[in-house]
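An overview of the molecular structure
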Amino acid sequence: MGTDSQDRFGRSLRDLRVSITDRCNFRCRYCMPREVFGPDFTFLERSELLSFEEIARAVRAFVRCGVRKVRLTGGEPLLRRDVEELVAMLAAIDGVDDLAMTTNASLLAAKAGALRRAGLGRVTVSLDSLDDAVFRAMSDVHLPVGRVLEGIAAAREAGFDEIKLNTVVKRGVNEDGVLDLARYAGEHGYIIRFIEYMDVGTTNGWRLDDVVPGEEIVRRIGEHLPLEPIPPKYAGEVATRYRFRDGAGEIGVITSVTRPFCSTCTRARLSAIGEIYTCLFAGGGGDLRALLRGGADDTELEAMIRGTWAARDDRYSELRSRATRDLPKVEMSYIGG
């Protein structure tokens with residue numbers, strides 16, 4: 001393990017999100033709208049993706065730069081063949097204290113046991129509604145929400161102690177279902193995070209009018225399930241947390257639009273082709289793959305990561321305005337949420 005890396009605002013590098021594929025079997029409107037990512041869309045060739053060995057080597061370099069938490073994302077990470085082999089490789093790296101995965105859970109029922117045995121510590125599942133019609137409207141997929149719920153249950157059966165649910169809330173689509181989701185999470189012992197609809201990428205048709213503020217979400221739930229605030233678990237946690245006053249369980253809201261948290265952000269992102277991004281809303285990234293495939297030694301990998309992070313001055317959500325609206329931004333499906 002190495003020494004901390006800090007950016008221009010003194011934010012330490014602690015978290016790494018690793019996209020292992022740009023493909024997904026859902027077409028969520030806020031991430032991969034079908035009119036853009038349709039049958040004619042050209043996804044990356046397998047040879048362009050980082051291999052498992054290259055990902056593991058990159059993660060070891062990030063750990064030397066201060067990373068302690070690693071999350072596998074996509075696209076949909078369970079579409080990557082033999083992903084449990086990658087999990088085992090990363091779980092064996094000294095310094096990775098927290099290894100997690102974000103998934104839509106459509107394939108999780110078949111994979112949960114293998115992932116747990118390989119060393120995956122936590123699972124986060126994207127779940128935008130418990131209502132079939134609303135679920136399909138959000139995900140734009142001909143799949144019942146029951147398939148996702150089966151995957152979540154399989155994760156619990158496989159021994160995952162902490163299962164989180166992520167819900168993107170969009171005005172006029174699924175905000176009426178937040179109470180049902182909070183109840184479902186509380187009854188089953190899952191942690192749920194409600195996420196304000198964000199202007200990621202350039203294809204999701206984002207409008208400020210479509211955002212349901214975190215305060216409104218908390219109020220909607222709190223009117224029926226009394227809540228009380230609880231402190232963050234660690235420095236840089238992005239969710240504002242609340243617990244149910246009359247029972248176990250908690251909810252959280254992620255308020256990138258109405259209450260940005262750029263000042264405490266500790267996340268870097270590694271795209272499926274090995275580009276380093278220092279913000280979800282970044283327009284470009286540094287090419288780590290070129291070093292990995294060009295014969296660079298570990299010192300050179302570490303130097304690039306540290307240099308990229310040291311130059312970081314991102315705070316898009318704090319600056320969000322008409323001036324930033326049309327800036328080019330990488331698509332979320334390319335670097336994970």
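Let me sum up the structure you'll find in this document. (Residues numbered from 1 in each chain as written. Predicted model: local features only at pLDDT ≥ 70, side-chain atom pairs only at ≥ 80, totals over all residues. Heavy atoms only, no water.)

**Describing the overall build of the protein chain**
- Helix and strand counts for the protein chain stand at 12 helices and 12 strands.
- For the protein chain, whose C-alpha radius of gyration is 19 Å, the value lies close to the compact-globule estimate of 20 Å for 337 residues.
- Counting only C-alpha atoms and orienting by the principal axes, one finds that the protein chain spans roughly 60 × 45 × 45 Å.
- Looking at the protein chain residue by residue over its 337 residues, the buried ones come to 55%.
- Across the protein chain, every contact between residues at least 6 apart in sequence was considered, and the portion connecting residues at least 24 apart equals 73%.
- Charge centroids of the protein chain, computed over 48 positive and 51 negative side chains, lie 2 Å from each other. (Helix = DSSP H or I, 4+ residues; strand = E, 2+ residues; numbered from the N terminus. Rg over C-alpha atoms; globule rule 2.2 N^0.38 Å. Buried < 20%, exposed > 50% of the residue type's maximum accessible area, 1.4 Å probe, protein only. Contact = heavy atoms within 4.5 Å. Lys, Arg positive; Asp, Glu negative; His and termini not counted. Charge placed at Lys NZ, Arg CZ, Asp CG, Glu CD.)

**Considerations on the packing of aromatic side chains**
- All chains considered together, the criterion is met by 4 aromatic pairs.
- Between the aromatic rings of F26 and F135, the centroid separation amounts to 6.0 Å while the plane-to-plane angle is 80°, which identifies the pairing as edge-to-face. On the criterion of sequence distance, the pair formed by F26 in the loop between strand 1 (15-19) and helix 1 (52-64) and F135 in helix 4 (residues 132-139) is long-range, its members being 109 residues apart. Considered together, F26 and F135 belong to a single accessibility category, that of buried residues.
- Judged by centre distance (4.8 Å) and plane angle (70°), the rings of F41 and F43 are edge-to-face.
- Using a relative accessible area of 13% as the deciding quantity, one classes F43 as buried.
- Three or more aromatic residues link up through ring pairs in this structure, and these residues are F37, F41 and F43.
- Lying over the aromatic face of F160, R116 brings its terminal NZ or CZ to 5.3 Å of the ring centre. (Phe/Tyr/Trp six-rings, centres within 6.5 Å; stacked < 30°, edge-to-face > 60°. Lys NZ or Arg CZ within 6 Å of the ring centre and 35° of its normal.)

**As for the nonpolar core**
- V59, F62, L90, F194 and L288 are the most contacted members of the largest nonpolar core, which has 100 residues in total.
- Broken down by element, the residue count for this core peaks at 8 residues, all from helix 1.
- For L90, the residues in contact, after removing those within four places along its chain, are I55, A56, V59, V70, L72, V96 and L99. (Core = buried A, V, L, I, M, F, W, Y, C linked by side-chain atoms within 4.5 Å.)

**Notes on the pattern of salt bridges**
- In the structure shown here, the tally under the stated rule is 24 salt bridges.
- One salt bridge connects R34 with D140, and the closest N-O pair in it is separated by 3.0 Å. Of the two residues, R34 is situated in the loop between strand 1 and helix 1 and D140 in the loop between helix 4 and helix 5 (145-158); the sequence distance between them amounts to 106 residues.
- Judged by its relative accessible area of 24%, D140 is partly exposed.
- For the salt bridge of D176 with R220, the shortest nitrogen-to-oxygen distance reads 3.3 Å. You can see D176 sitting in the loop between strand 5 (163-169) and helix 6 (178-188) and its partner R220 sitting in helix 7 (residues 214-222), a full 44 residues away along the chain.
- By relative accessible area, which is 65% here, D176 ends up exposed.
- Via salt bridges that share partners, D98, R122, E162, K164 and K233 belong to a single interconnected network. (Salt bridge = Lys/Arg side-chain N within 4 Å of Asp/Glu carboxyl O.)

**With respect to the packing of helix 3 (residues 108-118) against helix 5**
- Taken N-terminus to C-terminus, the directions of helix 3 and helix 5 make an angle of 25°; their axes are 8 Å apart at the nearest point. Looking at the two axes, helix 3 sits roughly parallel to helix 5. Between helix 3 and helix 5 the crossing geometry is right-handed. Residue-level inspection shows L108, A109, A112, G113 and R116 of helix 3 in contact with helix 5, the latter providing E150, G151, I152, A154, A155 and A158.
- Partitioning the contact of helix 3 with helix 5 into residue classes produces 7 nonpolar, 2 polar and 2 charged. (Axes fitted to C-alpha atoms, helices over the stretch in contact; angles between N-to-C directions. Parallel < 35°, antiparallel > 145°, perpendicular 65-115°, else oblique. Left-handed = near helix turned anticlockwise from the far one by under 90°. Nonpolar A, V, L, I, M, F, W, Y, C, P; charged D, E, K, R; others polar.)

**Quick word on the pairing of strand 3 (residues 98-103)**
- Among the 6 residues that make up strand 3, 6 are buried, leaving the element largely enclosed by the rest of the structure.
- Neither face of strand 3 is open: one carries D98, A100 and T102, the other L99, M101 and T103, and all of them are buried.
- Sheet topology places strand 2 (residues 69-73) next to strand 3; 4 bridges connect them, and they run parallel. Bridged to R71 within strand 3 is A100.
- With respect to chirality, the unit in which strand 2 leads through helix 2 (residues 83-91) into the neighbouring parallel strand 3 is right-handed.
- Bridge count between strand 3 and strand 4 (residues 122-126): 4 bridges; the pairing is parallel. Across the sheet, the residue bridging to T102 is T124, located in strand 4.
- On the question of chirality, the crossover connecting strand 3 to the parallel strand 4 by way of helix 3 is right-handed. (Pairing = 2+ DSSP bridges. Right-handed = clockwise from strand over helix to strand, strands pointing away.)

**Some thoughts on the environment of D287**
- Here D287 shows up in strand 12 (residues 286-287).
- The exposure class assigned to D287 is partly exposed, which follows from its relative accessible area of 38%.
- Those residues in contact with D287, other than ones at most four positions away along the chain, are G274 and M304.
- One polar contact links the side chain of D287 to the main-chain amide nitrogen of R289, over a distance of 3.2 Å.
- Separated by 3.1 Å, the side chain of D287 and the backbone nitrogen of A290 make a polar contact. (Polar contact = N/O pair within 3.5 Å; in protein donor to acceptor, adjacent residues only side chain to side chain.)

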